[in-house]
Amino acid sequence: MTRDTDFWSDVGALEDIPRQGARRVATAAGEIAIFRTLDDRLFAVRNSCPHRHGPLSEGIVHGARVTCPLHNWVIDLESGEVVGPDEGCVPRHMVELRGARVFLRQPVAVPAAVLEPAE
Ligand code: FES
């Protein structure tokens, strides 16, 4: 369910995310990793492994899963759950493709671009 305070941000073009790769987005809720699968599905999760906070965006994407680059835990991107025998989960975020642009839903009305350091 979408709350009144939810906010969709244009975070870039689909072509900016390599297939079987990821792109990081800074948000008020922390850093989010947006993954693109080989068949062009998009998933967004917190860019922090539930084991020891490894950067999931630097992991290996296979199917709809990512393997953490630090200790090889596998996270199912559809559910956010760690694949057994390990246990845990990572928060997911809604992401969708509108034309050729990627939109990320955030829990607060602050565009991702606003969060970049001011110069
Ligand atoms: S930090 Fe991801 S598996 Fe250890």
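These lines cover the structure that appears in this document, whether it is placed above or below. Predicted model only: the values in this text are computed from it and were never measured. (Residues numbered from 1 in each chain as written. Predicted model: local features only at pLDDT ≥ 70, side-chain atom pairs only at ≥ 80, totals over all residues.)

Re the sheet that holds strand E9 (residues 95-98)
Part 1 of the reasoning: On the basis of which strands lie adjacent, the open sheet formed by 3 strands has the order E1-E10-E9 and antiparallel pairing. The open sheet is flanked by strand E1 (7-13) and E9, the only strands paired with a single partner. Strand-to-strand twist in this sheet, taken as the mean axis angle between neighbours without regard to direction, amounts to 30 degrees.
Part 2 of the reasoning: Looking at chain direction, E1 and strand E10 (residues 101-106) are connected through 6 bridges and run antiparallel. Residue pairing for E10: Phe 7 is matched across the bridge by Gln 106. (Pairing = 2+ DSSP bridges. Helix = DSSP H or I, 4+ residues; strand = E, 2+ residues; numbered from the N terminus. Axes fitted to C-alpha atoms, helices over the stretch in contact; angles between N-to-C directions.)

What about the sheet that holds strand E7 (residues 74-76)?
Part 1 of the reasoning: Taken in spatial order, the 3 strands of this open sheet run E5-E6-E7, and their pairing is antiparallel. Lying at the two open borders of the sheet, with one neighbouring strand each, are strand E5 (60-62) and E7. Direction aside, the axes of adjacent strands within the sheet are offset by 25 degrees on average.
Part 2 of the reasoning: Note that strand E6 (residues 65-67) and E7 share 3 bridges and pair antiparallel. Along E7, the bridge assignment pairs Thr 67 with Val 74.

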